[in-house]
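# Chains, contacts and geometry: an overview
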Amino acid sequence: MSQEQLKQAVADAALDYLRPLLENDSVLGIGTGSTANLFIDRLAGIKGLVNATVASSEASAARLKSHGIPVYDLNTVDQVDFYVDGADESNAALQLIKGGGAALTREKIVAAVAAKFICIADESKLVHTLGQFPLPVEVIPMARSHVARELVKLGGDPVYREGVVTDNGNVILDVYNFPIPQPLAMEQKINNITGVVTNGLFALRPADVLLLGTSQGVKTLHAQ
Ligand code: 5RP
């Protein structure tokens, strides 16, 4: 199966997972990226059952609205029941690297509010140790060089993502050559650098469930 087919399979699996759990007042958090987009397109098929969504990016909000699915500001909802989003990497503890699409900060905010975080990804994303994918760090523009120097001190090779401005008006540094055996400690350490908005490690708030698309079918993984 192609990676595209595996992404479609997990988008379908997420819909099957959620459909029986949706209630009249449910609020769905919606992620960002190509896998999340496939999920949004499937969600459109049951939009009559969808009370409200909150989106982790302007792009996802626009896609949801284009299907006629109601999108709310996070500040106007009392709770987010489920958050569905892709990932760039996951380890067996369902700690993630996210932010390949530059939406990491809003993704982390929605994930923090959500009662249940359902991650959808193809099998290429499951790794033993996080960090083969360069770690995205969202940075206040004037702090870019300072943060880059601090990331070098931590052992990484930060590269400015040219031409990208986040939905929050900030820039992204991608940290290469940076294996992360202790994601929880590293997430906090990087967030403590002045000028960092947040980093793409989701260890303080990992996923609760990973629907993993494999050539043997979609596997449902829980944190080990
Ligand atoms: C966006 C993200 C995405 O979830 C991540 O990049 C995976 O994207 P895709 O589903 O296109 O592989 O974190 O900021």
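First things first, this report covers the structure right here in the doc. All of these numbers come straight from a predicted model, not from anything done at the bench. (Residues numbered from 1 in each chain as written. Predicted model: local features only at pLDDT ≥ 70, side-chain atom pairs only at ≥ 80, totals over all residues. Heavy atoms only, no water.)

## What about the pattern of salt bridges?
Pairs can form between side chains of opposite charge whenever their charged atoms are close. Note the threshold: The term salt bridge refers to a pairing of a side-chain nitrogen on Lys or Arg with a carboxyl oxygen on Asp or Glu at a separation within 4 Å. Helix and strand definitions follow DSSP, with helices as H or I runs of at least four residues and strands as E runs of at least two, each counted in order from the N terminus. Each residue gets one of three labels from its accessible area relative to the maximum for its type: buried under 20%, exposed over 50%, partly exposed in between, using a 1.4 Å probe on protein chains only.
Within the structure shown, the criterion is met by 11 salt bridges. Its salt-bridge partner being Asp-85, residue Lys-98 comes within 2.8 Å of it at the nearest N-O pair. With Lys-98 in the loop between β5 (96–97) and α4 (104–113) and Asp-85 in strand β3 (residues 80–85), this residue pair connects regions lying 13 residues apart in the sequence. The salt bridge partner of Glu-187 is Lys-108, with a shortest N-O separation of 2.8 Å. Placement of the pair is Glu-187 in helix α6 (residues 183–191) and Lys-108 in helix α4, with a sequence separation of 79 residues. By relative accessible area, Glu-187 is classed as buried at 3%. The exposure class assigned to Lys-108 is buried, which follows from its relative accessible area of 13%.

## Let's talk about the packing of helix α1 (residues 3–18) against helix α2 (residues 34–43)
Definition in use: All axes are obtained by fitting lines to C-alpha atoms, using only the stretch in contact for helices, and the reported angles, taken between N-to-C directions, cover 0 to 180 degrees. Here the word oblique covers every angle except those under 35 degrees (roughly parallel), over 145 (roughly antiparallel) and from 65 to 115 (roughly perpendicular). In this scheme the handedness of a crossing depends on how the near helix is turned from the far one: anticlockwise by less than a right angle means left-handed, clockwise means right-handed. Two residues qualify as a contact provided that any one of their heavy atoms is within 4.5 Å of a heavy atom in the partner residue.
Where α1 contacts α2, the two axes come as close as 9 Å, and the packing angle between them is 50°. Comparing their axes, α2 and α1 come out oblique. Considering how the two elements wind past one another, α1 and α2 form a crossing that is right-handed. Only Ser-34, Thr-35, Leu-38, Phe-39, Arg-42 and Leu-43 of α2 make contact with α1, whose side of the interface consists of Glu-4, Lys-7, Gln-8, Val-10, Ala-11, Asp-12, Ala-14, Leu-15 and Leu-18.

## Notes on the environment of Ser-57
How we decide: Definition of a polar contact: a pair of N or O atoms within 3.5 Å, with one able to donate and the other able to accept a hydrogen when the atoms are protein atoms, and with sequence-neighbouring residues admitted only if both atoms are side-chain atoms.
On the secondary structure map, Ser-57 appears in the loop between β2 (52–55) and α3 (58–66). In this structure Ser-57 comes out as buried when scored by relative accessible area, which is 6%. Placed 50 residues apart in sequence, Ser-57 and Glu-107 show a C-alpha to C-alpha distance of 7.7 Å. When neighbours within four sequence positions are excluded, Ser-57 is seen to be in contact with Thr-32, Ala-103 and Asp-167. At a separation of 3.0 Å, a polar atom in the side chain of Ser-57 contacts the main-chain amide nitrogen of Ser-60.

## Some points on the packing of aromatic side chains
Heads up, the rule is: Classification of ring pairs rests on two measures: the distance between centres of Phe, Tyr or Trp rings, Trp counted by its six-membered ring, which must be within 6.5 Å, and the angle between planes, read as stacked under 30 degrees, edge-to-face over 60 and tilted in between.
Counting across every chain of the model gives 2 aromatic pairs. Centre to centre, the rings of Tyr-83 and Phe-117 are 5.0 Å apart; their planes meet at 45°, and the pair counts as tilted. One end of the pair, Tyr-83, is in strand β3; the other, Phe-117, is in strand β6 (residues 114–122), and 34 residues separate them in sequence. Residue Tyr-83 is classed as buried on the basis of its relative accessible area of 0%. Centroid distance Phe-117 to Phe-202: 6.4 Å. Interplanar angle 65°. Geometry classified as edge-to-face. One end of the pair, Phe-117, is in strand β6; the other, Phe-202, is in strand β11 (residues 201–202), with 85 residues separating them in the sequence. When sorted by exposure, Phe-117 lands in the same class as Phe-202, which is buried.

## So, the sheet that holds β11
Filter applied, for reference: Being paired, for any two strands, means DSSP has found at least two bridges between them.
Pairing is antiparallel across the open sheet formed by 3 strands, whose spatial order is β4-β5-β11. The sheet is open, and its two borders are formed by β4 (89–90) and β11, each paired with just one other strand. Across 2 bridges, β5 lies against β11 in antiparallel orientation. Bridging across to β11, Ile-97 finds its partner in Leu-201.

## Points about the site of the ligand
Our working definition: Nearness here has a simple test: a residue counts as near a molecule or strand if at least one of its heavy atoms is within 4 Å of that partner. Only the protein chains shown count as cover for residues, and all accessible areas are computed by the Shrake-Rupley method using a 1.4 Å probe. Basically, the charged four are Asp, Glu, Lys and Arg, the nonpolar ten are Ala, Val, Leu, Ile, Met, Phe, Trp, Tyr, Cys and Pro, and anything else, Gly included, counts as polar.
Around the ligand sit 17 residues in total, of which Ser-34, Thr-35, Asp-88, Gly-99 and Lys-125 are the nearest. In the environment of the ligand, an oxygen atom lies 2.8 Å from a nitrogen or oxygen atom belonging to the backbone of Gly-99. Protein chains bury 91% of the 380 Å² of accessible surface belonging to the ligand in isolation. In the shell around the ligand, the residues fall into 3 nonpolar, 8 polar and 6 charged.

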